[in-house]
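Coordinate analysis (summary)
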Amino acid sequence: MVRFHPTAYTPLTHSSPYRLVVILLVAHSLLAGYFSPSLSAEEDPNLITTAAQARALTPEEAAEERPILLRGCFMGSGAFSFSFQDETGPLFIFTEPHLSEGFEIGDLVEVVGVTNPGDYAPCAYARSIKKIGTVEVPKPIKTTIAELSYGQMDAYWVQVEGIVRNMEIVPDILVPGPDQPEPDPENMHTKLKLADGNSTSVVEVTSILDPALYIDAKIRVTGHCFYLHNGNRQFVRPNIHTLHDEVPEIIEPPLHRDFEGETRPVSSLSTFDHTGGNPGRRVHVRGVVTHQREGIAVWIRDRGQSLQIQAPQTESLSPGDVIDVLGFPEPGTYSPVLEDAEFKKTSQTTPPEPVPLQDLRMIIRHDSDLVQLEAELTEIQRYAESVELTLEALGTTVRASLLSSSDFDSLADWRPGSIVRASGIATVGEGETKPLNGIWFSESLHLLLRSPEDLAIITPAPWWNAQRISYALGAVLVLALIMIAGIVWFSKRRFREQQLQRAMAESEFSAILSERNRVAREIHDTLAQNIGAISVHLELVRTDSKNLSEPTQNHIQTAHKLARTALADARESIWNMRSQVLEKYDLGGALKRIATQLTENTGIDTLVEIKGDRRRLPPIVENNLLRIGQEAVTNACKHAEPTRISVRLVYSERKVELSISDNGKGFRTDAVPSGAKRSFGLVGIQERIELLGGEIEIKSEVGKGTEIKATAQD
C-alpha cells in the first residue's frame, strides 16, 4: 500500500509513478461517488461501519468497493491520505488532498466512502469527510519492535522503546534518479535506525535532531506504524512515523557521545560480565588498521585480537593507521563485529605483519586478523566482481577471494598446482554448522586478499598440470576415436571387397561347375556309353572266341580289360566333374550318402553326425567340403584299415566345421612326405581349404587313428 506520513509534511520515498497511481485511484473513486447515493445501515446491510470490519475483509472483498460509513478520531493526514481510528482500531484512508485539509488531530469525523484492497492491508477511500465534534486522542499501544516485525500492526498508533543505532537528515521528498536537487533545510526530516535486541525499525521524525544527543541514546517514540512491503503483499520491515513536531523522548542518554574517554580492549567484547554490562549500547575501541574497504568495512588489530568494523565512512585509511572506533557489538560469523560504526584517525604506526598460521587450531585466535599461510593452489575461478581461489593448507580446504577493485592483469602467473604463500584477512566459521552449546572449534577458513601481492608464488605449477593432462587425454581420445573410425571404415571397405570377391568367385565357380556338369553329361551320354557298348561286344566276342587262336584270344581279353578300365576312368572323371548328389541333398545329406557308398560291403561302420542350424551353404563351400570329406573317407578306407569312421558336421554362426575321424592304424604326422612324394589326397584337401580361406588340422598317432578337421567361413 502506498504510504504517506500522517502529518503536515509528506516524506515520500516512492517514485513519481506511485503518485500517479494514487491520483488515478482518487479520480476513479470520485467519479464513482458522484453517481452513488449515500447509504445508511438500514438501507444496506453490507455497509461497513467500523475500522475492524474493513480490516477483516480479504483483498478480493475490499476490491468490490463496499460502502463505508465510519465515525472516529482524525489522527493526522498526508497529501492523499489520512489516518483514522475508532473504538475497534485504526484504518488507513485515501482521499483527495482538499478533503482532508482543515482537520486537527482529535477531531471526531464522519467518513463516507468505499473499501479498497490496498497493497498490504485492506483500507478505504473517502468520498466525504465531515467534522461532527471532538474526541480524546486514543492512547498509543505500548509494544516492542519485535512485535511490530510480525507484520500485523499496520496503521496502528504505537509507542516503542529502543536504542538509536544511527541517524541521517534526509529531504521530505526524494526524487528518483541521479540528479538530486539541492536540499532545502526547511523541507528536511530525521530518519533513525531504532534497535531493540535483534529487532530494528526505521523511525521518521519531522524535526531535525542532534546526532550527539540521540545516537546511542535509549528513546521512547510514539507514532503510526506502517510497513515496507513487496509486490506480493508481504511485509519487509516496520516504519514508524511520528506526528508533526513530535520529538522522541530520551530515556537514557548516550554512553559515548564522542571519541573522548577510555577505550576497551577488543578481546573484552561479547564476553561474560557479572554486572550485566550495557547490552545494545555503543562501545569505544582503538586499534591499528590492517585493511579497509572504503564505505563498507575496516579491520583493526588490538593487542593480538582483531575486529571487523562495519562503517559507511568513505575516509581513506592505510595499514598502520591508528583509529578510534565507536560502534555497536553484534555477533559475527565467529567473533563479534561492530555495526553502525564511525571512526577517527588518531595516529600512524608500522603496518602490522601477517600472523603465520602453522596449525588449523590457530585460526580461532585470529578471526578477522591479517594472517599468512603456505598452500597449494588447486583451483581458480574468475568472475566479473572477484577471483575465487581454492587452496589446500593446514590439512583442509581454504577459500580465498580477491575483489574486482584489484588489478587482475597481474594474475597471469597464478596457475593450479603452484605452491603459494597467501596473506589476507581471515574469516573463521563461514558456512559451518554451529554446535548447540559449549565451545566451538571452527575448522573452516576464508581469506580476503587485499591485493594481488598478497599471493606470492613459491614453486610454480608443473607444466603438466591437471588441465593440460586433461587436454592431452582429450586429444589422445579424439585421435583414438579417429583411428577407430578409420579402422572401422577400412574394415567395412575390406569386408565389402571380400564379399565382392567371394561373390565373383562363387559366380565363376558356379559357371565352371555348370560347364563341368555339361561336359560330364556329354561324356556320360557319348563316350561312356560307347565304351560300355565296346566292352559288352568284346565280352561277347571273348565268350565265343574258343575257335580262335590263342594269341587272338589274348588280344581280345586285353582289349576287353582296356575297355573296362576306360569305362571306369570315364565314370571317375564324370564323378569328379559333377556333384549330382548336391543337386538332391544339402552338404550333410551328401556327406552321409557318399560315406555310405564308399564303405558299402567293406565291413566298416560309418557314423554321420550333424549339429547346429542346418542350412544350405554357398556352392563353392559345399562342393569343396564335400570333396574334402570324400577324400578323407577314401584315404581312411584305402590306407588306415579302420573298423569305424565318424563324420561330424557342425554349423555355427557364420562358420562350419567338418571333421572325419577313424580308429585305424594312424601315422606319424612329422613323417608325412613333402614335395613330389607328398600324398595327392592330403595336397588336394589342403588346396581346397586354402581356396575357402579356412583352416585344416590333422591329428594322428600310430595305432590310435586319424582325425582331419576342416573349418571354413559361411
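Numbers given for residues are sequential positions, taken from 1 along each chain in its written order. For this predicted model, a pLDDT threshold of at least 70 governs which residues receive local features, and a threshold of 80 or more governs which side-chain atom pairs are given and counted, while totals over whole chains, interfaces and linings are taken from all residues. The side-chain quantities take in all heavy atoms of the structure and omit both hydrogens and water.

**Regarding the packing of helix α9 (residues 587-599) against helix α10 (residues 619-640)**
- Only the contacting stretch of a helix is used when fitting its axis, a line to C-alpha atoms as for every element, and angles between N-to-C directions run 0 to 180 degrees. Only DSSP runs of H or I with at least four residues qualify as helices, and only runs of E with at least two residues qualify as strands; both kinds are numbered from the N terminus onward. Look at α9 against α10: their axes get within 10 Å of each other, and the N-to-C directions meet at 25°. Overall, the two elements α9 and α10 adopt an arrangement that is roughly parallel. Both α9 and α10 take part in a crossing whose hand is right-handed. Contacts between α9 and α10 involve Leu587, Ala590, Leu591, Ile594, Leu598 and Thr599 on the former and, on the latter, Glu622, Leu625, Leu626, Gly629, Gln630, Val633, Thr634 and Cys637.
- In the scheme used here, Gly and all other residues not listed as nonpolar or charged are polar, with Ala, Val, Leu, Ile, Met, Phe, Trp, Tyr, Cys and Pro taken as nonpolar and Asp, Glu, Lys and Arg as charged. Grouping the amino acids of the contact of α9 with α10 by side-chain chemistry returns 9 nonpolar, 4 polar and 1 charged. An angle counts as roughly parallel when it lies under 35 degrees, as roughly antiparallel when it exceeds 145, as roughly perpendicular when it falls between 65 and 115, and as oblique in every other case. The hand of a helix crossing depends on one turn: near helix anticlockwise from the far one by less than a right angle means left-handed, and clockwise means right-handed. What makes two residues a contact is simply this: any of their non-hydrogen atoms within 4.5 Å.

**Details of a nonpolar patch on the surface**
- Taken together, Trp463, Trp464, Ile469 and Leu473 make up a surface patch of nonpolar side chains, about 490 Å² in accessible area.
- Of note, Trp463 is situated in the loop between β24 (455-459) and α6 (466-543).
- Residue classification places Trp463 among the exposed residues on the basis of a relative accessible area of 56%. Patch rule: a residue counts if its relative accessible area is over 30% and it has no salt bridge; like charges are joined within 9 Å, and nonpolar side chains (Val, Leu, Ile, Met, Phe, Trp, Tyr) within 5 Å. We get accessible surface area from the Shrake-Rupley algorithm with a probe of 1.4 Å; when it comes to residues, only the shown protein chains can shield them. Whenever Lys or Arg places a side-chain nitrogen within 4 Å of a carboxyl oxygen from Asp or Glu, that contact is recorded as a salt bridge. Per-residue accessibility, obtained with a 1.4 Å probe over protein chains only, is compared with the maximum for each type, and a residue is labelled buried under 20%, exposed over 50%, and partly exposed between these values.

**What to know about the sheet that holds strand β26 (residues 644-652)**
- Spatially, 5 strands are ordered β25-β26-β27-β29-β28 in an open sheet, and the strand pairing comes out mixed. Either end of the sheet is taken by a strand with one partner, and the two such strands are β25 (605-611) and β28 (695-701). Across this sheet, the average inter-strand angle for adjacent strands is 10°, counted without regard to direction.
- Contacting β25, β26 and β27 (655-662), α9 crosses the sheet at an angle of about 175° to β26.
- In the packing of α10 onto the sheet, the strands contacted are β26, β27 and β29 (705-713), and the crossing angle to β27 comes to about 10°. When DSSP finds two or more bridges between two strands, those strands count as paired.

**Details of the sheet that holds strand β2 (residues 81-86)**
- Here 5 strands make up a closed barrel; going around it, the order is β1-β2-β3-β5-β4 and the pairing mixed. Sheet twist, expressed as the mean angle between neighbouring strand axes with direction ignored, is 45°.

**Quick word on the packing of aromatic side chains**
- Whether two aromatic rings pair depends on their centres lying within 6.5 Å, for rings of Phe, Tyr and Trp, where Trp uses its six-membered ring; planes under 30 degrees apart make the pair stacked, over 60 edge-to-face, and the rest tilted. In this structure the tally under the stated criterion is 8 aromatic pairs.
- Taken together through their ring pairs, the aromatic side chains of Phe74, Phe82 and Phe103 make up a single cluster.

**Quick look at the side chain of Thr599**
- Looking at where Thr599 falls in the secondary structure, it is placed in helix α9.
- Polar side-chain contacts of Thr599 include one of 2.7 Å to the backbone oxygen of Ala595.
- For this analysis, a polar contact is any N or O atom pair within 3.5 Å, provided that within protein one partner can donate a hydrogen and the other can accept it, and provided that sequence-adjacent residues contribute only side-chain to side-chain pairs. There is a polar contact of 3.0 Å between the side chain of Thr599 and the side chain of Thr606.
- Setting aside residues up to four positions removed in sequence, Thr599 forms contacts with Ile604, Thr606, Val633, Cys637 and Ile645.

**Examining the nonpolar core**
- What we call a nonpolar core is a set of buried Ala, Val, Leu, Ile, Met, Phe, Trp, Tyr and Cys residues that are connected through their side-chain atoms within 4.5 Å. Residues Leu587, Leu625 and Val656 are the most contacted members of the largest nonpolar core, which totals 28 residues.
- When contributions to this core are tallied by element, the ones reaching two or more residues are α9, α10, β26, β27, α11 (680-692) and β29.
- Contact partners of Val656, with chain neighbours within four places excluded, come to Leu617, Val621, Leu625, Leu649, Val650, Tyr651, Ala710, Thr711 and Ala712.
- Residues Leu357, Leu391, Ala393 and Ala426 belong to the second largest nonpolar core, which totals 25 residues.

**Here's the deal with the UniProt feature "transmembrane region" (unreviewed entry) in the protein**
- Under the feature "transmembrane region" (unreviewed entry), the UniProt entry names residues 469-490.
- End C-alpha to end C-alpha, residues 469-490 measures 31 Å, and it is 100% helix and 0% strand. UniProt positions are given in the numbering used here, feature names are shortened, and annotations may be inferred rather than shown by experiment.

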